[in-house]
Amino acid sequence: MNLNLRGALAIFTNELMRAFRTAFGSIIAPVLTTSLYFIVFGAAIGGEIEEIDGISYGAFIVPGLLMLTLLSESTSNASFGIYMPRFTGAIYELLSAPVGVAETLIGFVGAAAVKSLILAAIILATATLFVDYTIVHPFYAIGFIMLVAAAFSLFGFILGIWADGFEKLQIVPLLVLTPLTFLGGTFYSIEMLGDPWRTVAMFNPIVYLVNGLRWTFTGASDFPIGLSLGMTFAFLAGCVLVIAVIFRTGWRLRE
Amino acid sequence: MDATRLQKRCKQPFEAPVSDPILDIRGLSKTYKGGTTALAGVDLTIRKGEIFALLGPNGAGKTTLIGAVCGLVRPSGGSIHAFGLDATRHWRDVRRRIGLVPQELTFDMFAQVERSVAYSRGMFGLPPSRERIEEVLRSLSLLDKRKAKIRELSGGMKRRVMIAKALAHDPELLFLDEPTAGVDVELRRDMWRQIDALRARGVTIILTTHYIEEAEEMADRVGVIDKGRILLVDDKAAIMARLGRTEARIALTQPLAEPPPSLGAFPLTLEEEGHVLVYRGGDGTGQGKRDIAELAQALTRLGIAFTRLDTRESSLEDIFVDLVESPPSTGTGTGA
């Protein structure tokens, strides 16, 4: 197979440029929102809350808030990226071009993931203004953040193909991802929950992601890091499989 | 035109064999999920370097046919070969050499003109080339708008951007789906000049249109499609010769009860209570005019006076309307 790398690069660059064209909505807004969390929960209330696992509350919530941004932004970026050309009809260009599933994913999903990574870097830098935190396993942290950004960009891509209206595009991030992330240990340790909520929380896949990222920051987690990595890889593989089926059948693209 | 005669003519084998085909479609069919059959076994061959006009009413299957070749629609059956390659197996090589200008103005309205065109070029696997992009923009009178956002352009300019995007990767085969729909007469004629210039550069062009005038003006060959079937494909001149008609209306001084029996060789009818003798015949090559001259002499010899004689040649539009309203009963998808 002759991969059309120039085609992939064209999509990738175009998507990134689209993000920078709307810098306020796509970069400043999420950074501002996350900063508000740091001010309220980290600097203001956090000072009154006792340490968790020997870590200040402000530092404890950094991985959770980062995960919240990563999940919502990766999903939104990728879903909008593919949904907008479907909505405007400009998808004809992609479908008639010599680009296949690999180039499409490198372009759309790659750009969405890179944008999320840029956001993650900005948010981490911003967090230093409000809370003191350290990253115990920096290389694992970078790897885990990249993995999550890729997995949820893939998920967003599926969402953007599935959606047949802007409402559907918003439903999953707002009504599924955000609540699951809030209930996934962003602001607390699962150990702090009593039964039956602790057991219920185990069925929330976001719990494993938040705890995985928290382990890379603090070295402490409610679950082994292997379990978190396994869950993330499984999610990523599932998304790739679904996308392969979508391209093979032409579902919602070549109907 | 008489439907039976039209059908008889359409069943005649088409004479011109296709030389040097760039696109060969065999038995192409497409049935959508809801059960709508958009293409019902289309056979069509396109010659290299020609301008081919595909005519058909709304919902005839024109856009589906283009979509199937360009990869927008997954066909239900049949085969497509372009540049001698199977379009399914060698889709990358085939698509790289095809350009498409869709009917709708569909692009990122906030993008800059030159960036949008450069994006299209990149997507087709070509390296960036400022010179080539500028050349394309210049050829479409868009160079001074290259920094403008697409949404700031007029409708006609936007359509030119669509064409520029399709030309950015130098396609050998270009599909233009209703290229002049909704544009004013001046711009339409400008578009025709652009299309002619493309043909001069060796680009094969397939255009769909509602404007028969456009097909008459531009096309080397014409195809008529309706209800997913190709009704007719032939050289424009050959169609006019085979299906063209001459009509003469002769205003008589005195009404007749019936056409004179001695003029039985001419296809005559009486209208307006016998006041107008109507001739409908000929073959589009001048036979009709010769018949009318003979008829006028015969009327004079018979002492039948007339005050006026109006003649009219049928246009491609008349032929198209006749075909679509009374298609050949066999419905063969012959498109050679």
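Each value, and the rule that gives it
- Residues numbered from 1 in each chain as written.
- Chains lettered and ligands numbered in written order.
- Predicted model: local features only at pLDDT ≥ 70, side-chain atom pairs only at ≥ 80, totals over all residues.
- Helix = DSSP H or I, 4+ residues; strand = E, 2+ residues; numbered from the N terminus.
- Rg over C-alpha atoms; globule rule 2.2 N^0.38 Å.
- Buried ≥ 20, exposed ≤ 12 C-beta atoms within 10 Å, placed from the backbone.
- Contact = placed C-beta atoms within 7 Å.
- Nonpolar A, V, L, I, M, F, W, Y, C, P; charged D, E, K, R; others polar.
- Core = buried A, V, L, I, M, F, W, Y, C linked by C-beta atoms within 7 Å.
- Axes fitted to C-alpha atoms, helices over the stretch in contact; angles between N-to-C directions.
- Left-handed = near helix turned anticlockwise from the far one by under 90°.
- Pairing = 2+ DSSP bridges.
- Expected span 1.5 Å × (residues − 1).
- Bend = angle between axes of the 7 residues up to and from the residue.
- Domains from an automatic or database assignment.
- Parallel < 35°, antiparallel > 145°, perpendicular 65-115°, else oblique.

1. Observations regarding the overall build of chain A
Part 1 of the reasoning: The helix and strand tally for chain A stands at 10 helices and 0 strands.
Part 2 of the reasoning: Each helix and strand of chain A, placed in order from N terminus to C terminus, yields the pattern α-α-α-α-α-α-α-α-α-α.
Part 3 of the reasoning: At 19 Å, chain A has a C-alpha radius of gyration in line with the 18 Å of a compact globule built from 255 residues.
Part 4 of the reasoning: Each principal axis of the C-alpha distribution contributes one length, and for chain A these read about 60 × 35 × 35 Å.
Part 5 of the reasoning: Here chain A holds 255 residues, and the buried ones make up 45% of them.
Part 6 of the reasoning: A separation threshold of at least 6 residues defines the contact pool for chain A, and within that pool the share at least 24 residues apart is 82%.

2. Quick notes on the interface of chain A and chain B
Put simply, an interface is often sized by how much accessible area is lost when its parts join up.
Part 1 of the reasoning: At the interface, 22 residues of chain A touch 24 residues of chain B.
Part 2 of the reasoning: Ranked by residues supplied to the side of chain A that touches chain B, first place goes to helix H1 (residues 5–21) of chain A with 7 residues.
Part 3 of the reasoning: Partitioning the side of chain A that touches chain B into residue classes produces 9 nonpolar, 8 polar and 5 charged.

3. Focus on the nonpolar core
Part 1 of the reasoning: With 144 residues, the main nonpolar core has Met67, Leu70, Phe108, Val109 and Val148 of chain A together with Ala53 and Ala164 of chain B as its most contacted residues.
Part 2 of the reasoning: If you tally residues by element for this core, the top one is helix H6 (residues 138–162) of chain A, at 15 residues.
Part 3 of the reasoning: For alanine 53 of chain B, the residues in contact, after removing those within four places along its chain, are Leu207, Thr209, Ala215, Met218, Ala219 and Val222 of chain B.
Part 4 of the reasoning: Listed in part, the 6 residues of the second largest apolar core include Ala248, Ile250, Leu277 and Ile292 of chain B.

4. A short note on the packing of helix H4 (residues 113–123) of chain B against helix H6 (residues 155–167) of chain B
All names here are of chain B.
Part 1 of the reasoning: Contact pair H4 / H6: the axes reach a minimum separation of 7 Å and the direction vectors enclose 35°. Crossing handedness for the pair H4 and H6: right-handed. From H4, Val113, Ser116, Val117 and Ser120 reach across to H6, where they touch Val161, Ala164 and Lys165.
Part 2 of the reasoning: Residue classes in the contact of H4 with H6 are distributed as 4 nonpolar, 2 polar and 1 charged.

5. Concerning the sheet that holds strand S14 (residues 306–313) of chain B
Residues and elements named next belong to chain B.
Part 1 of the reasoning: Spatially, S12-S13-S11-S14 is the arrangement adopted by the 4 strands of the open sheet, whose pairing is antiparallel. In this open sheet, the two edge strands, each paired with only one partner strand, are strand S12 (268–271) and S14. Within the sheet, the average angular offset between the axes of one strand and its neighbour, ignoring direction, is 20°.
Part 2 of the reasoning: Pairing analysis gives 7 bridges linking strand S11 (residues 246–252) to S14, with the strands arranged antiparallel. Among the inter-strand pairings, isoleucine 250 is bridged to a residue of S14, identified as leucine 309.
Part 3 of the reasoning: Contacting S11, strand S13 (276–281) and S14, helix H10 (residues 287–302) runs over the sheet at an angle of about 150° to S13.

6. Points about helix H3 (residues 57–88) of chain A
All names here are of chain A.
Part 1 of the reasoning: Its 32 residues give H3 an end-to-end C-alpha distance of 46 Å, which sits within 8% of 46 Å, the value for a rise of 1.5 Å per residue.
Part 2 of the reasoning: Where H3 bends most, the angle comes to about 25°, and this point is proline 63.
Part 3 of the reasoning: Counting buried positions over the 32 residues of H3 gives 26, a clear majority of the element.
Part 4 of the reasoning: Positive phi appears at glycine 89, one or two residues downstream of H3, with a value of about 95°.

7. As for the sheet that holds strand S10 (residues 229–235) of chain B
Residue and element names in this part refer to chain B.
Part 1 of the reasoning: Across the sheet, which stays open at both edges, the 6 strands sit in the order S6-S7-S8-S3-S9-S10 with mixed pairing between neighbours. The open sheet has two free edges, formed respectively by strand S6 (98–101) and S10, since each of these has just one partner strand. Each strand axis lies, on average, 15° off the axis of its neighbour in the sheet, ignoring direction.
Part 2 of the reasoning: Of the pairings in the sheet, the one linking strand S7 (residues 173–177) to strand S8 (residues 204–209) comprises 5 bridges and is parallel in character. What sits directly across from phenylalanine 175, in S8, is isoleucine 206.

8. As for the pairing of strand S2 (residues 37–47) of chain B
Residues and elements named next belong to chain B.
Part 1 of the reasoning: Relative to S2, strand S1 (residues 21–31) runs antiparallel, the two being bridged by 8 bridges. Following the sheet pairing, serine 29 is matched in S2 by alanine 40.
Part 2 of the reasoning: Counting the residues between successive antiparallel strands, the hairpin from S1 to S2 contains 5 residues, one of them, glycine 35, with a positive phi of roughly 100°.

9. Considerations on the environment of leucine 159 of chain A
Residue and element names in this part refer to chain A.
Part 1 of the reasoning: Along the chain, the position of leucine 159 falls in helix H6.
Part 2 of the reasoning: The spacing of leucine 159 and glycine 46 is 113 residues in sequence and 36 Å in space, taken between C-alpha atoms.
Part 3 of the reasoning: Dropping the residues within four chain positions of it, leucine 159 is found in contact with Thr75, Ser79, Leu169 and Val172.

10. Re unusual backbone geometry
Part 1 of the reasoning: Of note, the phi angle at glutamate 272 of chain B is positive, near 50°, even though the residue is not glycine.
Part 2 of the reasoning: Within the secondary structure layout, glutamate 272 of chain B lies in the loop between S12 and S13.

11. Looking at the domain arrangement of chain B
Part 1 of the reasoning: Domain annotation of chain B identifies domain 1 (3–97 + 172–241) and domain 2 (245–313).
Part 2 of the reasoning: Summarising the inter-unit geometry, the C-alpha centres of domain 1 of chain B and domain 2 of chain B are found 39 Å apart.

12. Observations concerning the packing of H1 of chain A against H4 of chain B
Two measures define how a pair of helices packs: the angle their axes make with one another and the distance between the axes.
Part 1 of the reasoning: H4 of chain B packs onto H1 of chain A with a crossing angle of 150° between their chain directions and a minimal axis gap of 7 Å. The orientation of H1 of chain A relative to H4 of chain B falls into the category roughly antiparallel. Here H1 of chain A contributes Arg6, Gly7, Leu9, Ala10, Ile11 and Asn14 of chain A to the contact with H4 of chain B, which in turn contributes Tyr119, Gly122 and Met123 of chain B.
Part 2 of the reasoning: The class makeup of the residues in the contact of H1 of chain A with H4 of chain B is 5 nonpolar, 3 polar and 1 charged.

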